[in-house]
Amino acid sequence: MATQATEEELAAGRGYEALFVPALFAPWSGHLVNSVAVHAGAQVLDIACGSGVLARTALDRVGPSGRVVGLDPAPGMIGAAKEVEPRIDWVLGGAEHLPFGDATFDYVLSQFGMMFFNDRAQACSEMFRVTRPGGKVALAIWHGVEENPAYRDIAAVLEDHVSAKAAESVRIPFCLGNPDPVAGLLSDAGFGDVTFETLSKQATFPSPRMMVEVELRGWLPMFGIHLNEEEIAEVLASADTRLSRYATTTGEAVFQTSAYVITAQKPGAA
Ligand SMILES: C[S@@+](CC[C@H](N)C(=O)[O-])C[C@H]1O[C@@H](n2cnc3c(N)ncnc32)[C@H](O)[C@@H]1O
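Predicted, not measured: the structure shown is a model, and the values here were computed from it. (Residues numbered from 1 in each chain as written. Predicted model: local features only at pLDDT ≥ 70, side-chain atom pairs only at ≥ 80, totals over all residues. Heavy atoms only, no water.)

## A few points about the pattern of salt bridges
For step 1, the next point in the chain: All told, the structure shown has 16 salt bridges when counted by the stated rule.
For step 2, the next point in the chain: The salt bridge partner of D153 is R152, with a shortest N-O separation of 3.4 Å.
For step 3, the next point in the chain: Note on D153: relative accessible area 11%, which makes it buried.
For step 4, the next point in the chain: Salt-bridge contacts for D240 lead to R209; the nearest nitrogen and oxygen are separated by 2.7 Å. One end of the pair, D240, is in helix α9 (residues 229-242); the other, R209, is in helix α8 (residues 208-219), and 31 residues separate them in sequence.
For step 5, the next point in the chain: Look at D240 and you get partly exposed, because its relative accessible area is 34%.
For step 6, the next point in the chain: A single network of salt bridges, built from pairs that share partners, joins E146, R152, D153 and R245. (Salt bridge = Lys/Arg side-chain N within 4 Å of Asp/Glu carboxyl O. Buried < 20%, exposed > 50% of the residue type's maximum accessible area, 1.4 Å probe, protein only. Helix = DSSP H or I, 4+ residues; strand = E, 2+ residues; numbered from the N terminus.)

Here it is as structure tokens:
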């Protein structure tokens, strides 16, 4: 795994932080830390931290006596995260091999990361290993693309104007729509008290075309898909028309997103 972000990777990480996070991901972080009642002084791990929005929310909760670690395999994400919040320990790595000792953390969190893990059973075993007895895990996971139709529509624009691979990269985050198999993986790893709740939150983009522009500039580069400015302009012109149903009277694009938050506890005394 490369440790130093290239300029291109860092630009994608910054783009993700500037464009995606406020529009789509920030609304979920408070709910995730509340779902397991992260307390002052706690040790928290954020797996698949991206540019770090959940880790930053956790830092606000644990305060100066606590510690937050953010882990992600993408050097550009870790580089962007460091720029925003240097008080968090940002670690390059994957969920399947957590570079931490047994029973290190009171809370292990992950917001919209599980869908990308190469080996989800191994990742759950690793989460269990690094969680303290009595500690808790909380994962936010999107429902399927049918429950998130704006992403079905964005993928269709990319399918027609970029490539099937680009469209697929937008659909991947919606591949774990059924919580039961995820609950099963957590139980198999040893966690108890596995519960989930369904939630809907509003996404707000500055315009319909921005719904697609964030994908072009902040997401597709993670999959090695880079478009030049001329190509980007062509896709965005189509987005103006095809995503116009999401426009409000003020020109913003607004739509509901649907996900579940699954929580579980490691047996034993806290
Ligand atoms: C949709 S982003 C979510 C980022 C962040 N949690 C947020 O809410 O903004 C998914 C993240 O999963 C990371 N990821 C991909 N494969 C992973 C793996 N095997 N282990 C941990 N993280 C992974 C990606 O690099 C990316 O940053």
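What follows continues from the structure just given.
## Focus on the pairing of strand β1 (residues 43-47)
For step 1, the next point in the chain: With five of five residues buried, β1 is to be regarded as a mostly interior element.
For step 2, the next point in the chain: Here β1 shows a buried face lined by Q43, L45 and I47 and a second buried face lined by V44 and D46.
For step 3, the next point in the chain: Looking at chain direction, β1 and strand β2 (residues 67-72) are connected through five bridges and run parallel. Within the sheet, the bridge partner assigned to I47 lies in β2 and is L71.
For step 4, the next point in the chain: Taken together, β1, helix α2 (residues 53-62) and β2 form a β-α-β motif whose crossover is right-handed.
For step 5, the next point in the chain: By the bridge criterion, three bridges tie β1 to strand β4 (residues 105-111) in an arrangement that is parallel. When the sheet's bridge partners are listed, V44 is paired in β4 with Y107. (Pairing = 2+ DSSP bridges. Right-handed = clockwise from strand over helix to strand, strands pointing away.)

## Focus on the site of the ligand
For step 1, the next point in the chain: Not every one of the 18 residues close to the ligand is listed here, only the nearest: Y16, A48, D72, A95 and Q111.
For step 2, the next point in the chain: In this structure, a nitrogen atom belonging to the ligand sits 3.2 Å away from a side-chain N or O atom of E96.
For step 3, the next point in the chain: A distance of 2.8 Å is found between a nitrogen atom of the ligand and a backbone nitrogen or oxygen belonging to Q111.
For step 4, the next point in the chain: About the coverage of the ligand: the protein hides 92% of its 590 Å² of free accessible area. (Near = heavy atom within 4 Å. Polar contact = N/O pair within 3.5 Å; in protein donor to acceptor, adjacent residues only side chain to side chain. Areas by Shrake-Rupley, 256 points an atom, 1.4 Å probe, with all protein chains shown as cover.)

## Structural notes on helix α7 (residues 179-189)
For step 1, the next point in the chain: All of the buried residues along α7 are P179, V182, A183, L186 and A189. Projection of α7 onto a plane perpendicular to its axis shows the buried side chains occupying an angular sector of 125 degrees, all on one side.
For step 2, the next point in the chain: Looking at the buried positions of α7, the neighbouring elements they touch are α4 (120-130), β5 (131-142), β6 (192-205) and β7 (253-265).
For step 3, the next point in the chain: The backbone nitrogen of D180 has a side-chain oxygen 3.0 Å away, supplied by the residue at the start of α7, namely N178.
For step 4, the next point in the chain: Positive phi shows up at G190, right after α7, with a value of about 120 degrees. (Arc of directions from axis to C-beta. Contact = heavy atoms within 4.5 Å.)

## Considerations on the layout of surface pockets
Left-over empty space is what a probe sized like a water molecule reveals as it rolls over the atoms.
For step 1, the next point in the chain: Considered as a void within the structure, the largest pocket measures approximately 940 Å³ in volume.
For step 2, the next point in the chain: Lining the largest pocket we find 46 residues, and of these D72, A74, M77, W219 and M222 sit closest to its centre.
For step 3, the next point in the chain: Looking at the lining of the largest pocket, the elements that each hand over two or more residues are α1 (7-35), β1, α2, β2, α3 (75-84) and α8.
For step 4, the next point in the chain: Along the lines of polarity and charge, the residues of the lining of the largest pocket split into 29 nonpolar, 11 polar and six charged.
For step 5, the next point in the chain: Forming the boundary of the second largest pocket are E8, A11, A12, G15, L216, R217, P221, I225, H226, L227, E229 and I232.
For step 6, the next point in the chain: When residues of the lining of the second largest pocket are traced back to their parent elements, those giving at least two are α1, α8 and α9. (1 Å grid on protein atoms, 1.4 Å probe; cavity = no way out; pocket = protein on both sides within 12 Å on 5 of 7 lines; lining within 4 Å. Points joined across faces, edges and corners; volume = space filled by probe spheres on them. Nonpolar A, V, L, I, M, F, W, Y, C, P; charged D, E, K, R; others polar.)

## Regarding the UniProt feature "domain: Methyltransferase type" (unreviewed entry) in the chain
For step 1, the next point in the chain: Summarizing the sequence annotation, UniProt attributes the feature "domain: Methyltransferase type" (unreviewed entry) to residues 45-138 in the numbering used throughout.
For step 2, the next point in the chain: End-to-end, the C-alpha atoms of residues 45-138 are 11 Å apart, and along that stretch the chain is 33% helix and 30% strand. (UniProt positions renumbered as here; feature names shortened; annotations may be inferred.)

## Re the sheet that holds β5
For step 1, the next point in the chain: Strand order in this open sheet of seven strands is β3-β2-β1-β4-β5-β7-β6, and the pairing throughout is mixed. Two strands close off the open sheet at either side, each with one partner strand: β3 (89-92) and β6. Going across the sheet, the axis of each strand differs from the next one's by a mean of 20 degrees, ignoring polarity.
For step 2, the next point in the chain: Against the sheet, α2 touches β1, β2, β3 and β4, its axis set at about 170 degrees to β2.
For step 3, the next point in the chain: Running at roughly 145 degrees to β5, α4 makes contact with β1, β4 and β5 of the sheet. (Axes fitted to C-alpha atoms, helices over the stretch in contact; angles between N-to-C directions.)

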